[in-house]
Amino acid sequence: MPSNLLAPHFFIRSLRVLDLSGNSINGQILALGLGNLSNLVHLDLSWNSINGQIPALGLGNLNNLVHLDLSWNRFNGSIPPQLFMLRHLRYLDLGLKMLEGSLSPKVGSLQDLRMLNLSSNLLSGELPKKIGNLTKLQQLSIWSSKLSNAIPSSISYLRELEELDLSDNALSMEIPTGIGNLSNLSSLSLGTNKLTGGVPAWMQKLNKLDSLDLEGNLLIGEIPFWLFDFKDLQALYLGGNHLTWNNNMKIVPKCTLSGLSLKSCDLQREIPEWISSQTNLSSLDQSNNRLHGPFPQWLAKINFLHLILLSGNIFPVFDCQPNLLSADFSSNQFSGEVPTTFPIDIEILFLGGNKFSGILPSNLTKLRNLRRLELKDNDISGELPKFLFQISSLQVLNLRNNSLQGSIPKTISNLKNLQILDLSSNNLIGETLEEFANLTGMFGAPYLPLIIVADILISFKSYSNNSEGNELVVNWKKLKQRLLSNNLGMLFLLDLSNNQLSSEIPASLGTLKALKMFNLSFNKLFGKIPASLGDLQNVEGLDLSHNKLFGQIPITFTKLQQLTTLDVSNNQLTGQIPVSGQMNTMANPNF
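Thresholds, definitions, all that
Counting restarts for each chain: residues are numbered from 1 in the order of the written sequence. Predicted model: local features are reported for residues with pLDDT of at least 70 only, side-chain atom pairs are reported and counted for 80 or more only, and whole-chain, interface and lining totals are derived from all residues. Working from all heavy atoms in the structure, the side-chain values ignore hydrogens and water. Numbering of helices and strands starts at the N terminus; helices are DSSP runs of H or I of at least 4 residues and strands are runs of E of at least 2. Buried residues are those whose accessible area, probed at 1.4 Å on protein chains only, stays under 20% of the maximum for their type, while exposed residues exceed 50% and partly exposed ones sit between those limits. Note on contacts: a residue pair qualifies if any of its non-hydrogen atoms lie within 4.5 Å across the two residues. Surface accessibility in these figures is a Shrake-Rupley result with a 1.4 Å probe; residues are shielded only by whichever protein chains are displayed. One requirement defines pairing of two strands: DSSP has to find at least two bridges between them. Each pair of aromatic rings taken from Phe, Tyr and Trp, with Trp reduced to its six-membered ring, is defined by centres within 6.5 Å and is described as stacked if the planes are under 30 degrees apart, edge-to-face if over 60, and tilted in the remaining cases. The term salt bridge refers to a side-chain nitrogen of Lys or Arg lying within 4 Å of a carboxyl oxygen of Asp or Glu. Think of pLDDT as the predictor's per-residue confidence, scored from 0 to 100.

Q: Would you explain the overall build of the chain in this entry?
A: Broken down by element type, the chain carries 3 helices and 46 strands. Within the span of the chain, comprising 591 residues, buried residues form 57% of the whole. The long-range share in the chain, meaning contacts at least 24 apart out of those at least 6 apart in sequence, stands at 49%. Carbon together with sulfur atoms contributes 49% to the accessible area of the chain, which is approximately 24100 Å² in total.

Written as structure tokens, this is what we have:
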């Protein structure tokens, strides 16, 4: 709905509550019109597609505003200073936008605030000391931004605070001791920063804590066992630091955990038996340790376990739990045929970096809800089976670096939801690539509906900010790149490199307009580069090198405004290199 259709609302000067959330409103909001609503107490424009800057002058007139929610839109620019003059505000949500600049110390003027959410923006600089003026604040969320330097000690004045989430920033120094005085704190999330020191002993005073996330920092020392004495603790994420587990200690937890991450904590021998007491456990990350031995039988009795991450250990024998929705068993020493003893409702499955061999089993088709399947870096052989492409729910399929051979079945076009396909470094042959032009999931612009992006963000953030299962590794722009899952909804990649494909590049591939990376290098492709590849409006990396292509580089490549890496080397191309548009500004061309 165009935003100009809102104009009639702006003449209802008696209006006190205006909720237009979730209406697909697009365009900009007229500041003058909004400023007419001087009696407004509650304004909710969330879950739309409103763009441009936040209407500063209009909001500045809403002196009676108590509740303001502009989240889940496409606003850009900085937070207008007029916003900090709305002294009656109790609820302010500006999350999940593209706001940039620093957070002004004037935020301390909003002394009636109970909830402040500025998450998932581009805010940089320090968290201002004036944040300590918000003494009535109960929830403070500024996760996934670019905040840096130390957490200010003034945060200790927020005695009413129940939830503090500053995760996924670049905060440094030690965790301030004043947080130990926040006796009402139930959720503390400081994961994915650069915090140093150990797990501070003063945390024992936070006896209402039910969620603690310190994942992915630079913390050192031994993991204190008093953490398991919090009776209300449900989520504990400590992995990805330099913390170590005392493998000789035995504990009897007083808590009942639903989420636990001890990734890279030097766990040794078998999976600790005390975990068997955690019967409500739904996510478990013990990846990148030195665990070995058989899978314990008690693990199968944890009925709620939906996510298990055990990559980077040395388990020789494979087993699986009956209720899993997500599983990462990559980088172990599993061998034999690819197992199929997974629950039929599993959605995410990582089996890469093992020693699996033989052909792909037909029982994989029973996994009717599978969205991500990764079997890279094994020794799987045989042809690509047609039945694999009956799993219509697949969004990510990674079979890179195996021993697959034969042609690519035309039924691959059945995968209408596919966003990322990596078949590189196999022995696949083929005299046509036309079937890839039917991957309709790669047609559209890479911008998912906000409800889907929200699902991705929330589901992955809920168990771990920095676990291996949270990432997808692809060959992108000549390097191995780790892509976080909260970005997968906007990434579309097709990699067929290092095979034996021998055909022309069909013009129809220009319809894959959502592609961010397209790699056909190291094959036997011939003919001219089709001008239609200039229609790949979102492509950032295009690699056609090491083939037998001839003719000229199409002038249409100058239309590729997102292109940063182009490699057409080691072909038989002639003529002039196009010199206008993006071709002039690329940082990394290779002709």
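Q: Is there a simple way to think about the pairing of strand S14 (residues 170-174) in this case?
A: The side chains of a regular strand alternate between both faces of the sheet. Bridging between strand S12 (residues 146-150) and S14 involves 3 bridges; their strand directions are parallel. Directly across from Ser 148, in S14, lies its bridge partner Ala 170. The pairing of S14 with strand S16 (residues 194-196) spans 3 bridges and is parallel. Bridged to Met 173 within S16 is Leu 195.

Q: Sorry if this is basic, but what is going on with the environment of Asn 417 here?
A: Take Asn 417: it is sitting in the loop between strand S33 (403-407) and strand S34 (420-422). Judged by relative accessible area, which is 41%, Asn 417 ranks as partly exposed. Each C-alpha atom of the pair Asn 417 and Leu 394 lies 6.2 Å from the other, and the pair is 23 residues apart in sequence. Dropping the residues within four chain positions of it, Asn 417 is found in contact with Ser 392, Ser 393, Leu 394 and Gln 395.

Q: I keep staring at the sheet that holds strand S43 (residues 548-551) and nothing clicks. Help me out?
A: Pairing between the strands of a sheet comes from backbone hydrogen bonds, and it takes one of two forms, parallel or antiparallel. Read from one edge of the open sheet, 3 strands run S41-S43-S45, paired in parallel fashion. Each of the sheet's edge strands pairs with one partner strand only, and the pair in question is strand S41 (526-528) and strand S45 (572-573). Here 3 bridges tie S41 to S43, and the two strands are oriented parallel to one another. Each bridged residue has a counterpart across the sheet, and for Gly 527 the counterpart in S43 is Leu 549.

Q: Explain unusual backbone geometry here, please?
A: Trans peptide bonds make up most of the peptide bonds, and negative phi angles are found at most residues other than glycine. Even without a glycine there, the phi angle at Asp 377 is positive, about 60 degrees. Inspection of the secondary structure puts Asp 377 in the loop between strand S30 (372-374) and strand S31 (379-383). The class of Asp 377 is partly exposed, set by a relative accessible area of 26%. For Ser 425, which is not glycine, the phi torsion reads 60 degrees and is therefore positive. Inspection of the secondary structure assignment puts Ser 425 in the loop between S34 and strand S35 (427-430). Looking at Ser 425, the relative accessible area reads 27%, which means it is partly exposed.

Q: I keep staring at the packing of aromatic side chains and nothing clicks. Help me out?
A: Pairs of aromatic rings are described using the distance from one ring centre to the other and the angle between the two planes. Applying the stated criterion across every chain yields a total of 9 aromatic pairs. An angle of 90 degrees between the planes, with centres 5.9 Å apart, marks the rings of Phe 228 and Trp 245 as edge-to-face. Remark: Trp 245 occurs in the loop between strand S20 (242-244) and strand S21 (259-261) and Phe 228 occurs in the loop between strand S18 (220-222) and strand S19 (235-237); sequence separation between them is 17 residues. Across the pair, Trp 245 and Phe 228 agree in class, each one buried. Seen from their ring centres, Phe 329 and Phe 334 are 6.2 Å apart, and the 75 degrees between their planes marks the pair as edge-to-face. In terms of burial, Phe 329 and Phe 334 fall into one category: buried. Each residue in the set Phe 225, Phe 228, Trp 245 and Trp 274 is aromatic and connected to the rest through ring pairs, giving one cluster.

Q: I tried to follow the pattern of salt bridges on my own but got confused; where do I start?
A: Oppositely charged side chains are able to pair whenever their charged atoms sit close together. Tallied over the full model, the rule gives 10 salt bridges. Here Asp 112 ties to Arg 114 by a salt bridge, and the two come within 3.5 Å at their closest N and O atoms. Of the charged contacts in the structure, one is a salt bridge between Asp 112 and Lys 136, with a shortest N-O distance of 2.9 Å. Here Lys 136 lies in the loop between strand S10 (122-125) and strand S11 (139-141) and Asp 112 lies in the loop between strand S8 (98-102) and strand S9 (115-117), a separation of 24 residues in the sequence. Note on Lys 136: relative accessible area 37%, which makes it partly exposed. Several salt bridges share partner residues, and in doing so they unite Asp 112, Arg 114 and Lys 136 into one network.

Q: Would you mind going over the sheet that holds S33 with me for this structure?
A: The strand order across the open sheet formed by 6 strands is S27-S29-S31-S33-S35-S39, and the pairing between neighbours is parallel. Edge strands, defined here as strands with exactly one partner in the open sheet, are strand S27 (335-336) and strand S39 (500-501). Summarising the sheet, S33 and S35 pair through 3 bridges and their orientation is parallel. Residue pairing for S35: Gln 405 is matched across the bridge by Asn 427.

Q: What am I meant to see in the pairing of S10 here?
A: The sheet contact formed by S8 and S10 spans 3 bridges and is parallel. Looking at the pairing, Ser 102 lines up with Ser 124 of S10. Two elements, S10 and S12, share 2 bridges in a ladder whose sense is parallel. When the bridges of S12 are listed, Ser 124 appears paired with Lys 146.

Q: How should the side chain of Ser 503 be read in this particular structure?
A: Within the element layout of this structure, Ser 503 appears in the loop between S39 and strand S40 (517-519). With residues near it in sequence (within four places) discarded, Ser 503 still touches Gly 430, Glu 431, Thr 432, Leu 433, Lys 524, Leu 525 and Phe 526.

Q: What should I look at first to understand the confidence of the model for the chain in this one?
A: The predicted structure's coordinates, where accompanied by low pLDDT, should not be read in detail. Looking at the chain, pLDDT values average 85 and 87% of them are 70 or higher. Across residues 445-470, confidence stays below pLDDT 50; counting only partners more than four residues off in sequence or on other chains, it has 68 contacts.

Q: It is not clear to me how the environment of Lys 194 should be interpreted in this structure. Could you clarify?
A: Checked against the element boundaries, Lys 194 lands in strand S16. The spatial distance from the C-alpha of Lys 194 to the C-alpha of Ser 148 is 8.9 Å, given a sequence separation of 46 residues. In this view, Lys 194 contacts Ala 170, Leu 171, Ser 172, Met 173, Asn 217 and Leu 218; residues no more than four positions away in its chain are not counted.

Q: Teacher, can you tell me more about the side chain of Asn 117 here?
A: With respect to the helices and strands, the residue Asn 117 is situated in strand S9. Assessed through its relative accessible area of 12%, Asn 117 is described here as buried.

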